[in-house]
Amino acid sequence: MELHSFFGLLSGFIFGISAVWYASDVYKNLVTVSIAAFMMSSLVSASQLVSLIIEDVWGVVPFTTMVLLSSITVSFLALRNNKIYFKFSDKVSLLGAAVGFIFWILTKDAAVNIYILAALNLTILTPLVLKCFKNPNLESIRPWQINLLASILMLFTIDSFSSVVWIIPLEQIIFSILLNLGLYRGKKSHTGIGKIVNQ
């Protein structure tokens, strides 16, 4: 097994741990889920998975598969519990994602689709990052810390200078760092006022 394939499997496995942990917290009503981000992430991940396989970019396939499964699970549990977060920024991102999806449907090139879907990810995940800065008490911190570890390991799946190969790992590490920074700052500012869920 090549090194980048090993790190692809390892990062996917660790992300799976974080996903199961997060889904468990959602099931226990410990998290108020950014429903727009997770529902759109399900669609984007499914589309991205197909494009990655077509382009023979296997390093991030385990990670993307786990994102797809966890997004569907979290969306279902959040809707079942009726405990969701849907603010103005989520509505704007949902509209932007819908427009982006139209471009994705019209595009027949798998490589171009990866770029479009990466841009869509940025659009739909921004409100989640903002929520972590503004309302960190609505999130569970431990799964996102594990997510950061998986994101770091995913950088080692990059085996080419081709942007198709590195765009997803780079986007993921930036997103994970910002999200954890928001939770960390929120934890410090909420000390003595409220605790971030740490189960």
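Reading guide: rules and limits
Residues numbered from 1 in each chain as written. Predicted model: local features only at pLDDT ≥ 70, side-chain atom pairs only at ≥ 80, totals over all residues. Heavy atoms only, no water. Helix = DSSP H or I, 4+ residues; strand = E, 2+ residues; numbered from the N terminus. Buried < 20%, exposed > 50% of the residue type's maximum accessible area, 1.4 Å probe, protein only. Contact = heavy atoms within 4.5 Å. Axes fitted to C-alpha atoms, helices over the stretch in contact; angles between N-to-C directions. Parallel < 35°, antiparallel > 145°, perpendicular 65-115°, else oblique. Left-handed = near helix turned anticlockwise from the far one by under 90°. Nonpolar A, V, L, I, M, F, W, Y, C, P; charged D, E, K, R; others polar. Expected span 1.5 Å × (residues − 1). Patch = residues over 30% accessible without salt bridge, like charges linked within 9 Å, V, L, I, M, F, W, Y side chains within 5 Å. Areas by Shrake-Rupley, 256 points an atom, 1.4 Å probe, with all protein chains shown as cover. Salt bridge = Lys/Arg side-chain N within 4 Å of Asp/Glu carboxyl O. Polar contact = N/O pair within 3.5 Å; in protein donor to acceptor, adjacent residues only side chain to side chain. 1 Å grid on protein atoms, 1.4 Å probe; cavity = no way out; pocket = protein on both sides within 12 Å on 5 of 7 lines; lining within 4 Å. Points joined across faces, edges and corners; volume = space filled by probe spheres on them.

A closer look at the environment of Leu178
For Leu178, the position within the fold is in helix α7 (residues 163–189). Using a relative accessible area of 38% as the deciding quantity, one classes Leu178 as partly exposed. Not counting chain neighbours up to four residues away, the residues in contact with Leu178 comprise Val129 and Phe133.

Details of the packing of helix α2 (residues 35–54) against helix α3 (residues 61–81)
At a minimum axis separation of 8 Å, α2 and α3 run at an interaxial angle of 155°. Considering their axes alone, α2 and α3 lie roughly antiparallel with respect to each other. Here the hand of the crossing between α2 and α3 comes out left-handed. For the pair α2 and α3, the contacting residues are Ile35, Phe38, Met39, Ser41, Ser42, Ser45, Ala46, Gln48, Leu49, Leu52 and Ile53 in the first and Val61, Thr64, Thr65, Val67, Leu68, Ser71, Ile72, Val74, Ser75, Ala78 and Leu79 in the second. Classifying every residue of the contact of α2 with α3 by side-chain character gives 14 nonpolar, eight polar and no charged.

Brief notes about helix α6 (residues 141–154)
Spanning 14 residues, α6 covers 20 Å between terminal C-alpha atoms, matching the ideal 20 Å at 1.5 Å per step. Buried within α6 we find Ile141, Pro143, Trp144, Ile146, Asn147, Ala150, Ser151, Leu153 and Met154.

A word on a nonpolar patch on the surface
A contiguous nonpolar patch, built from Phe133, Ile152, Leu155, Phe156, Ile158, Trp166, Leu170, Ile174, Leu178, Leu181 and Tyr184 and spanning about 930 Å² of accessible area, is present on the exposed surface. Of the residues forming the nonpolar patch, the biggest block, six residues, is contributed by α7. As for its position among the elements, Tyr184 is in helix α7.

Looking at helix α1 (residues 3–27)
Its 25 residues place the ends of α1 36 Å apart at the C-alpha level, agreeing with the 36 Å of an ideal helix rising 1.5 Å per residue. One or two residues past the end of α1 sits Asn29, with phi positive at roughly 65°.

Let's talk about the pattern of salt bridges
Any two side chains of opposite charge can pair, so long as their charged atoms come close to each other. Going through the model one piece at a time under the given rule, you end up with one salt bridge. The shortest N-O distance in the salt bridge between Lys131 and Glu139 comes to 2.6 Å. The exposure class assigned to Glu139 is buried, which follows from its relative accessible area of 0%.

Structural notes on the side chain of Lys131
Examined against the element boundaries, Lys131 turns out to sit in helix α5 (residues 110–134). Residue Lys131 is classed as buried on the basis of its relative accessible area of 0%. Engagement of the side chain of Lys131 in a polar contact is seen with the side chain of Glu139, the distance being 2.6 Å. Excluding its chain neighbours within four sequence positions, the residues that come into contact with Lys131 are Thr32, Val33, Ser34, Tyr85, Pro136, Leu138 and Glu139.

Focus: empty space enclosed by the protein
Following the criterion strictly, the structure yields one cavity of 30 Å³ or more and no others. The computed volume of the largest cavity comes to approximately 350 Å³. Lining the largest cavity are 25 residues, and of these Phe15, Ser41, Val67, Gln172 and Phe175 lie nearest its centre. In terms of residue count, α3 provides more of the lining of the largest cavity than any other element does, six residues in total. Partitioning the lining of the largest cavity into residue classes produces 14 nonpolar, 10 polar and one charged.

Considerations on unusual backbone geometry
Even without being a glycine, Asn29 presents a positive backbone phi close to 65°. Turning to its location among the elements, Asn29 is positioned in the loop between α1 and β1 (33–34). For Asn29, a relative accessible area of 35% translates into the label partly exposed. Of note in the backbone geometry, Asn82 takes a positive phi value of approximately 55° without being a glycine.

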